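Here is what each chain is made of, one letter per residue.
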Amino acid sequence: MSQALEKLLSPANLNGLELPNRVIKAATFEGMTENGGPGDRLIGFHKAMADGGVGMTTLAYCAVEADGKVKDNMMHMDEVIRPQLERFTRAMHESGAKVSGQMAHCGGFSQNSKLQKKRPLGPSFALNLGGLPYGIPFVGAMQQADIDHVVRCFYDAAVLMKSVGFDALELHFGHGYGMSQFISPKTNKRTDQYGGSLVNRMRFPLMVLESVRKAVGDDFPLLGKMGLTDGVKGGLKIDEAIEVAAMLDQGGIDALIPSGGTSSMNPMLMFRGDSIVKGMLETETNPLMKLGLRIMSPIMFKKYPYEELYFLDGARRVRDRVDCKLVYIGGACTVESFETAMQEFDFVQLGRGLINDPDLVKNLRKEQAAYVNGCTHCNMCAGLIGHPDGIRCVLND
Ligand SMILES: Cc1cc2nc3c(=O)[nH]c(=O)nc-3n(C[C@H](O)[C@H](O)[C@H](O)COP(=O)(O)O)c2cc1C
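Just so we're clear, the structure is a prediction, and the values are computed from it rather than from any experiment.

## Here's the deal with helix α12 (residues 312–321)
Turning to step 1, where the next piece is worked out: If you check which residues of α12 are buried, you get Leu 312, Gly 314, Ala 315 and Val 318. Within α12, the buried residues cover an arc of 160 degrees as seen down the axis, which keeps them to one side. Opposite the buried face of α12, by more than 90 degrees, sit the exposed residues Asp 313 and Asp 320.
Turning to step 2, where the next piece is worked out: On the buried face of α12, the contacting elements are β11 (222–227), α8 (238–250), β12 (255–259), β13 (325–329) and α13 (335–344).

## Thoughts on the state of the cysteines
Turning to step 1, where the next piece is worked out: Evaluation of the coordinates by the stated rule reveals zero disulfides.
Turning to step 2, where the next piece is worked out: Among the cysteines around Cys 106, which has no disulfide bond, Cys 153 carries the closest sulfur, lying 12 Å off.

## Description of the packing of α8 against α12
Turning to step 1, where the next piece is worked out: α12 packs onto α8 with a crossing angle of 40 degrees between their chain directions and a minimal axis gap of 9 Å. Taken together, the axes of α8 and α12 are oblique relative to one another. Of the two possible hands of crossing, α8 and α12 adopt the one that is right-handed. Each of Ile 238, Asp 239, Ile 242, Glu 243, Ala 245 and Ala 246 in α8 lies in contact with α12, whose residues at this interface are Gly 314, Arg 317, Val 318 and Arg 321.
Turning to step 2, where the next piece is worked out: Looking at the contact of α8 with α12 residue by residue, the class counts come to five nonpolar, one polar and four charged.

## Observations regarding helix α7 (residues 203–216)
Turning to step 1, where the next piece is worked out: In this model α7 runs 20 Å from its N-terminal to its C-terminal C-alpha over 14 residues, within 8% of the 20 Å that 1.5 Å per residue would give.
Turning to step 2, where the next piece is worked out: All of the buried residues in α7 are Phe 204, Pro 205, Val 208, Leu 209, Ser 211, Val 212, Arg 213, Ala 215 and Val 216.
Turning to step 3, where the next piece is worked out: The first or second residue beyond α7 is Gly 217, which carries a positive phi of 90 degrees.

## What to know about the packing of aromatic side chains
Turning to step 1, where the next piece is worked out: Per the counting criterion, the structure on display carries seven aromatic pairs.
Turning to step 2, where the next piece is worked out: Taken together, a centroid distance of 6.2 Å and an interplanar angle of 35 degrees make the contact between Phe 109 and Tyr 177 tilted. Highlighted residues: Phe 109 in the loop between β6 (98–104) and β7 (121–122) and Tyr 177 in the loop between β10 (168–172) and α5 (178–183), separated in sequence by 68 residues.
Turning to step 3, where the next piece is worked out: A ring pair is formed by Tyr 328 and Phe 345, whose centres lie 5.7 Å apart and whose planes are at 35 degrees; its orientation type is tilted. Here Phe 345 lies in the loop between α13 and β14 (347–350) and Tyr 328 lies in strand β13, a separation of 17 residues in the sequence.
Turning to step 4, where the next piece is worked out: An aromatic cluster of three or more residues is present, and its members are Tyr 61, Phe 109 and Tyr 177.

## So, the site of the ligand
Turning to step 1, where the next piece is worked out: Surrounding the ligand, one finds 22 residues, the nearest of these being Ala 27, His 172, Lys 225, Gly 331 and Arg 352.
Turning to step 2, where the next piece is worked out: Interatomic distance of 2.8 Å between a backbone N/O atom of Gly 331 and an oxygen atom of the ligand.
Turning to step 3, where the next piece is worked out: About the coverage of the ligand: the protein hides 96% of its 600 Å² of free accessible area.
Turning to step 4, where the next piece is worked out: Here the shell around the ligand is composed, by residue class, of 13 nonpolar, seven polar and two charged.

## Considering the pattern of salt bridges
Turning to step 1, where the next piece is worked out: Applying the stated criterion across every chain yields a total of 20 salt bridges.
Turning to step 2, where the next piece is worked out: Put simply, Arg 87 and Asp 40 hold a salt bridge, and the shortest N to O gap is 2.5 Å. Here the residue Arg 87 occupies a position in helix α3 (residues 82–94), and Asp 40 occupies one in helix α2 (residues 40–51), the gap between them amounting to 47 residues.
Turning to step 3, where the next piece is worked out: In this structure, Arg 319 and Glu 344 form a salt bridge, with 3.0 Å as the shortest nitrogen-oxygen distance. Of this pair, Arg 319 sits in helix α12 while Glu 344 sits in helix α13, and the two are 25 residues apart along the sequence.
Turning to step 4, where the next piece is worked out: Judged by its relative accessible area of 28%, Arg 319 is partly exposed.

## Concerning the sheet that holds β7
Turning to step 1, where the next piece is worked out: The three strands are arranged β7-β9-β8 in an open sheet whose pairing can be described as mixed. Of all strands in the sheet, those with a lone pairing partner are β7 and β8 (126–127), marking the two edges.
Turning to step 2, where the next piece is worked out: Alignment of β7 against strand β9 (residues 138–141), held across two bridges, turns out to be parallel. Counted as the bridge partner of Leu 121 is Gly 140 from β9.

## Details of the nonpolar core
Turning to step 1, where the next piece is worked out: Ranked by internal contacts, the top residues of the largest apolar core, which has 92 residues, are Leu 169, Phe 204 and Tyr 328.
Turning to step 2, where the next piece is worked out: A per-element tally of this core places helix α4 (residues 144–163) first, with nine residues.
Turning to step 3, where the next piece is worked out: Contacts of Phe 204, omitting those with residues within four sequence positions, involve Met 142, Ile 147, Val 150, Val 151, Met 179, Phe 182 and Tyr 194.
Turning to step 4, where the next piece is worked out: Leu 14, Ala 26, Ala 255 and Ile 257 belong to the second-largest nonpolar core, a separate cluster that totals 14 residues.

Here is what the cut-offs are and how they apply
- Sequence order as written defines residue numbering, which begins from 1 separately in each chain.
- Predicted model: local features are reported for residues with pLDDT of at least 70 only, side-chain atom pairs are reported and counted for 80 or more only, and whole-chain, interface and lining totals are derived from all residues.
- To obtain the side-chain values, all non-hydrogen atoms of the structure were used and water was disregarded.
- Only protein chains enter the accessibility calculation, which uses a 1.4 Å probe; a residue whose area is less than 20% of its type maximum is buried, one above 50% is exposed, and one in between is partly exposed.
- Per the convention used, a helix needs a DSSP run of H or I reaching at least four residues, while a strand needs a run of E reaching at least two, with both numbered from the N terminus.
- Here, the arc refers to the directions that run from the helix axis to the C-beta atoms.
- Here a residue-residue contact requires only that any non-hydrogen atoms of the pair lie within 4.5 Å.
- Cysteine sulfurs are considered disulfide-paired once they come within 2.5 Å of each other.
- For helices, the fitted axis covers only the stretch in contact; all axes are lines through C-alpha atoms, and the angles between them, taken along N-to-C directions, range from 0 to 180 degrees.
- Angle categories: roughly parallel below 35 degrees, roughly antiparallel above 145, roughly perpendicular from 65 to 115, and oblique for all the rest.
- Take the far helix as your reference; a near helix turned counterclockwise from it by less than a right angle gives a left-handed crossing, and one turned clockwise gives a right-handed crossing.
- When residues are grouped by polarity, Ala, Val, Leu, Ile, Met, Phe, Trp, Tyr, Cys and Pro land in nonpolar, Asp, Glu, Lys and Arg in charged, and all others, Gly among them, in polar.
- Every helix has an expected span of 1.5 Å times one less than the residues it contains.
- Aromatic contacts are taken between Phe, Tyr and Trp rings whose centres are within 6.5 Å, Trp giving its six-membered ring; a plane angle under 30 degrees counts as stacked, one over 60 as edge-to-face, and the others as tilted.
- For each residue, the test is whether any non-hydrogen atom lies within 4 Å of the molecule or strand; if one does, the residue is near.
- Between N or O atoms, a polar contact is any pair within 3.5 Å; within protein, one atom must be a potential hydrogen donor and the other a potential acceptor, and residues adjacent in sequence are included only when both atoms are from side chains.
- Each accessible area is a Shrake-Rupley estimate made with a 1.4 Å probe; only the visible protein chains count as cover when residues are assessed.
- For this analysis, a salt bridge means a side-chain nitrogen from Lys or Arg found within 4 Å of a carboxyl oxygen belonging to Asp or Glu.
- Between any two strands, at least two bridges found by DSSP are needed for them to pair.
- To form a nonpolar core, buried Ala, Val, Leu, Ile, Met, Phe, Trp, Tyr and Cys residues must be joined to one another through side-chain atoms within 4.5 Å.

So, in structure tokens, the structure goes:
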């Protein structure tokens, strides 16, 4: 076995947490929430990967309050689902995997038909294009009290998640959700201490990080998923993103996961390969959304051909700027890619490769250099997020 593969498959430490290996299942919202929390199907989905040998799995999308959910079928961290969360973490631990939870707030990007507020809140007043078909056309601007409230929600959610057995937490600073809306100059038009300069735009995300750190203590692993670029005119660009990374590092994050694109404006930048629209059109039941998808798809779903390790250059720049650990994500699917990632980074997160082959780690141990993953980046899994049965790899049907 090559040295790099040996490194990938051997134990590693993240701020005191001993992971059995360096393969982490990425946050991939599975659309399988039952009764507001994880049930048998979602446990089964993650357990297959835990049994298949991943070092840590990541539960997504863990909204920190009800209005932090992008869609109504997501879960939010609440005492009511404590038994379900405990059952989830216990099941993963029994299979030998550690468990992380991706904490997020959608900010203004809401398609939640059961939104409690009159309108979702983000950094600035805006049109909520993705919410139009759901009757949520506008985003309101957060006042100081709203900012304090969301910071408190992150704190409470972190306390709850640690107490139910999560071994690590991943804060979502990217993909166009609440915190990334503050970071991006495209969506943050504020003129107060939360807008304008990067220092100001980072104020709210850093307040969240500080509050989560306070909730979990110094010796608990915190990961941060961040954007390298929004990929839209006027959005976050790589030079600023590197400084975002430096600020999160200074703010006490233990590991960074550099990704890119936004779910609201340019999702294909984060996936590459075939358009996710095909799967979305198959599962979408809202006729307005279907029409919107057809009209908007050439603008919103730009074509980005798939290539292995498509975030490598950006991830390298982050690595060179920070002291914290680095998790590579984005198109790591071949043995060669795993080896490159291990020569340069500390961990690797895999989304579609594991959805295609939950036994990836086990198979890699057995087959080593001969291992071949079956994912073709058809992206049907991502398009099926709205499917009533949740996501699956259609190649395994
Ligand atoms: C079905 C699906 C759901 C996803 N949901 C999330 C999510 O909830 N949060 C997130 O940060 N990224 C999400 N992603 C993006 C992945 O975490 C990852 O960034 C992307 O798939 C690239 O990694 P890969 O090439 O290993 O698949 C999702 C991806 C897929 C395929």
